[in-house]
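Chain by chain, the residues:
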Amino acid sequence: MTQDELLPLIYKKDDKAFTLLYDMYAKSLFGVIYNLIKDKEEAEDVLQETFIKIWKNIETYNESKGRFYTWILNIARNSAIDKLRSKNFNNNLKNLSADNFVHILDDPAKASNKIDAIGLHEFVKKLKPRCIQLIDLLFFKGYTQQEAADELEIPLGTVKTQNRNCINELRNLLKA
Amino acid sequence: MNSKEYIESGILELYVFGKLSEEEARDVQQMASDNPAVRTEIAAIEYAVVNLSHSVSPNISSETYDKIRRELLGDAPIEVHKKSKTTNWGQYMGWAAAVVILLGAASMYLLMNSQMNDSINSEIDKNKSEFKTMQKTIISLEDQNKSSQKLLKIIRDKNNMVVTLEGQPAMPGAKAKIYWNKATQAVYVDVQGLPTPPQGMVYQVWSLKMDPLTPTSIGILNKITADTSKIYQVESTVDAEAFGITLEPEGGSAIPTMEQLYALGKM
């Protein structure tokens, strides 16, 4: 379903709207939130907050603000980051980078979704290590280009194009 | 900058990630509205990262699902609302009732007409033939209703184990259900929540053993568009631990194509 087909349905805020929104995006957002919070119970709380915010503010979203997915992704990331700050985790964002989204898959205790991950692990692990870092910082953790450049010690000017190459790689793996 | 250079610059990825300033994002919007290639590219990037994050996400507990649902929708009933799409016999009953009322009206009309003079005989003939058509319709509705009742009986059997198959990254919105009768081992699959497969492709249903992972094909759903109930009996199984549905080329495959795994659920 494309964004154009989805949005009129979601604006109705009825049962169907909820089911669509949840089925299409809950796991994606939870992947992002969990990758920041690293605690399943806390992450589920943040997911709940995120959905409440999306639902309450849906009237304020319009397509001139960018993709709907980008809008809800920002809400999810910001909610998770707020949670980290409020908890005094003593985590400024940079300390988060020691662990990336691939580790969720490596730890069977964390990934209670063994069955979901059949065959899906593999495409993620085929990504180059540099790509995993870059996608982790920019997409999952929401770093700016400058922050990512500092963290990975690469020139600022190459962040955008390297990231582009990495996403292309991901797209090819998904197609394979 | 032409659209190809623009796409290659990597700005669209950052746009989808939400990492552009408002001004930069506005530029991208402008490019996108002028240029279909840019729009397609944005959708493809989004699709890739939604899939990636979906596939690394741990499972969300059903308690959290229920909590979120309650917060957003109030205390509407959960199970019934969300999952009662198995058959549409109630809808047929509505039609049947409507036809009965129409028939009543039609026969009244006939009666009144017959009391009038011959000049409207042709009108009566017309009504008679309409009456016959309606009779035919009601018979076919009765047939449909019978087969719906039969399906309901199968689905409501108390020996059933019901397995909900959730959408996977290849088709996140997908949904399907397995009714596995523990007494007879019969397996029924309800694919109402799956899109109609593209030309030349079919859905294939698998029973899975987990350790080691062993998929066994239990059926290929050939005629998904023809059947309105979308419920199919597939081969019986005794020892499945999970069920999955993949999209495969016509004729099915020997092993499941995991990239085209649409729905999956375990006991």
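Just so it is clear, the model here is predicted, and its values are computed rather than measured.

Draft legend 1. Structural context of the overall build of chain B. From N to C terminus, chain B includes 8 helices and 8 strands. Put simply, chain B has 267 residues, and 43% of those count as buried. In chain B, 60% of the contacts between residues at least 6 apart in sequence involve partners at least 24 apart. Summing over all exposed atoms, chain B offers an accessible surface of approximately 14400 Å²; the carbon and sulfur share of this is 55%.

Draft legend 2. Highlighting the nonpolar core. Core analysis: the largest hydrophobic core is formed by 84 residues, its most contacted members being A:Tyr25, A:Phe68, A:Tyr69, A:Phe101, A:Ile135, A:Phe139 and B:Leu12. Apart from the residues lying within four places of it in its own chain, the contact partners of A:Tyr69 are A:Tyr25, A:Ser28, A:Leu29, A:Phe139, B:Glu46, B:Val49, B:Val50 and B:Ser53. One finds B:Ala170, B:Ile178, B:Ile218 and B:Ala263 within the second-largest nonpolar core, a separate group that totals 23 residues.

Draft legend 3. A look at helix H9 (residues 156-175) of chain A. Here H9(A) contains 20 residues, and its C-alpha end-to-end distance of 30 Å stays within 8% of the 28 Å for a straight helix at 1.5 Å per residue. Listed in full, the buried residues belonging to H9(A) are A:Val159, A:Asn163, A:Arg164, A:Cys166, A:Ile167, A:Glu169, A:Leu170, A:Arg171, A:Leu173 and A:Leu174.

Draft legend 4. Local environment of the packing of helix H2 (residues 15-37) of chain A against helix H3 (residues 40-57) of chain A. All names here are of chain A. Interaxial distance between H2 and H3 falls to 9 Å at its minimum, and their mutual angle equals 135°. Compared by their axis directions, H2 and H3 come out oblique. Relative to H3, the crossing made by H2 is right-handed. In this structure, H2 contributes Ala17, Phe18, Leu21, Tyr22, Ala26, Leu29, Phe30, Ile33, Tyr34 and Ile37 to the contact, and H3 contributes Lys40, Glu42, Ala43, Glu44, Val46, Leu47, Thr50, Phe51, Ile54 and Trp55.

Draft legend 5. The arrangement of the state of the cysteines in detail. Residue and element names in this part refer to chain A. Summed over all chains, the structure comprises 1 disulfide over all chains. Note that Cys131 is cross-linked by a disulfide to Cys166, the S-S spacing being 2.1 Å. Between Cys131 and Cys166, the S-S torsion sits near -80°, and that sign places the bridge as left-handed. Here Cys131, found in helix H7 (residues 129-140), pairs with Cys166, found in helix H9; they are 35 residues apart in sequence, far enough to count as distant. Each member of the pair, Cys131 together with Cys166, is buried.

Draft legend 6. The pattern of salt bridges, seen in detail. Counting across every chain of the model gives 15 salt bridges over all chains. Between B:Glu41 and A:Arg164 there is a salt bridge, with the nearest N and O atoms lying 2.7 Å from each other. Here B:Glu41, found in helix H4 (residues 36-56), pairs with A:Arg164, found in helix H9, and the two come from separate chains. With a relative accessible area of 3%, A:Arg164 lands in the buried category. The partner of B:Lys175 in a salt bridge is B:Glu166, and the shortest N-O contact between them spans 3.5 Å.

Draft legend 7. Looking closely at the packing of aromatic side chains. Residue and element names in this part refer to chain A. In this structure the tally under the stated criterion is 15 aromatic pairs over all chains. Taking 6.4 Å as the distance between ring centres and 85° as the angle between the ring planes, the aromatic pair formed by Phe18 and Trp55 counts as edge-to-face. Of this pair, Phe18 sits in helix H2 while Trp55 sits in helix H3; the two residues are 37 residues apart in sequence, bridging distant segments of the chain. Using a relative accessible area of 7% as the deciding quantity, one classes Trp55 as buried.

Draft legend 8. Geometry of the sheet that holds strand E6 (residues 231-234) of chain B. Residues and elements named next belong to chain B. The strand order E5-E4-E7-E8-E1-E2-E3-E6 describes an open sheet built from 8 strands, whose pairing is antiparallel. The sheet is open, and its two borders are formed by strand E5 (214-221) and E6, each paired with just one other strand. For this sheet the average axis-to-axis angle between neighbouring strands, irrespective of direction, equals 25°. Sheet topology places strand E7 (residues 242-249) next to strand E8 (residues 261-266); 5 bridges connect them, and they run antiparallel. In the sheet register, Ala242 faces E8, and the bridge partner there is Lys266.

Draft legend 9. Highlighting the interface of chain B and chain A. If you look at the interface, chain B gives 55 residues, while chain A gives 64 residues. Joining chain B to chain A, the criterion identifies 7 salt bridges. Put simply, chain B and chain A have 18 residue pairs in polar contact (both at pLDDT 80 or more) between them. Elements with a contribution of two residues or more to the side of chain B that touches chain A: helix H1 (3-8), helix H2 (11-17), H4, helix H5 (62-73), helix H6 (79-83) and E8 of chain B. Residue contributions to the side of chain B that touches chain A peak at 15 residues, all from H4(B). A per-class count over the side of chain B that touches chain A returns 28 nonpolar, 15 polar and 12 charged.

Draft legend 10. Structural context of the confidence of the model for chain B. Summing up the model confidence of chain B, the mean pLDDT is 81 and the portion of residues at 70 or higher is 81%. Across residues 78-87 of chain B the pLDDT falls below 50, and counting only partners more than four positions away or on other chains, this stretch makes 22 contacts in the model.

Draft legend 11. Up close: empty space enclosed by the protein. Residue and element names in this part refer to chain B. Counted under the stated rule, the structure contains 1 cavity of 30 Å³ or more. What the largest cavity holds in volume is close to 60 Å³. What lines the largest cavity is simply Trp206, Leu208, Leu213, Pro215, Gly244, Thr246, Pro256, Met258, Leu261 and Leu264. Tallied by class, the residues present in the lining of the largest cavity amount to 8 nonpolar, 2 polar and no charged.

Reading the values: the criteria
- Counting from 1, residues in each chain are numbered in the order their sequence is written.
- Lettering of chains starts at A and numbering of ligands starts at 1, both following the order in which they are written.
- With the structure being a predicted model, the display of local features is reserved for residues of pLDDT at least 70 and the display and counting of side-chain atom pairs for 80 or more, all residues being used for whole-chain, interface and lining totals.
- Working from all heavy atoms in the structure, the side-chain values ignore hydrogens and water.
- The way it works is that DSSP assigns letters per residue, a run of H or I at least four long becomes a helix, a run of E at least two long becomes a strand, and they are numbered from the N terminus.
- Under the scheme applied here, a residue whose accessible area is under 20% of the maximum for its type counts as buried, over 50% as exposed, and between as partly exposed, the area being computed with a 1.4 Å probe on protein chains only.
- Contact between two residues is taken to exist if any of their heavy atoms lie within 4.5 Å; hydrogens are not considered.
- Areas reported as accessible are Shrake-Rupley estimates using a 1.4 Å probe. Residue values count occlusion only from the protein chains shown.
- Grouping buried Ala, Val, Leu, Ile, Met, Phe, Trp, Tyr and Cys residues that are joined through side-chain atoms within 4.5 Å yields what is termed a nonpolar core.
- Multiplying one less than the number of residues by 1.5 Å gives the expected span of a helix.
- For helices, the fitted axis covers only the stretch in contact; all axes are lines through C-alpha atoms, and the angles between them, taken along N-to-C directions, range from 0 to 180 degrees.
- Convention used here: angles under 35 degrees read as roughly parallel, angles over 145 as roughly antiparallel, angles from 65 to 115 as roughly perpendicular, and any remaining angle as oblique.
- Put simply, a crossing is left-handed when the front helix is turned counterclockwise from the back one by less than a right angle, and right-handed when it is turned clockwise.
- When the sulfur atoms of two cysteines come within 2.5 Å, that pair is taken as a disulfide.
- Whenever Lys or Arg places a side-chain nitrogen within 4 Å of a carboxyl oxygen from Asp or Glu, that contact is recorded as a salt bridge.
- Ring pairs shown here join Phe, Tyr and Trp side chains whose ring centres sit within 6.5 Å, with only the six-membered ring taken for Trp; geometry is labelled stacked below 30 degrees between planes, edge-to-face above 60, and tilted in between.
- A strand pair is defined by DSSP finding two or more bridges across the two strands.
- Under this definition, polar contacts are N or O atom pairs within 3.5 Å; protein pairs additionally need one hydrogen-donor-capable and one acceptor-capable atom, and for neighbouring residues in sequence, both atoms have to be side-chain atoms.
- Classification convention: Asp, Glu, Lys, Arg as charged; Ala, Val, Leu, Ile, Met, Phe, Trp, Tyr, Cys, Pro as nonpolar; all other residues, Gly among them, as polar.
- pLDDT runs from 0 to 100 and stands for how confident the predictor is about each residue.
- Using protein atoms alone on a 1 Å grid, points that fit a 1.4 Å probe yet trap it form a cavity, whereas open point sets bounded by protein on both sides within 12 Å along at least five of seven lines form a pocket; residues with an atom within 4 Å of a point count as lining.
- Grid points are joined across faces, edges and corners, and a volume is the space filled by probe spheres set on the points.

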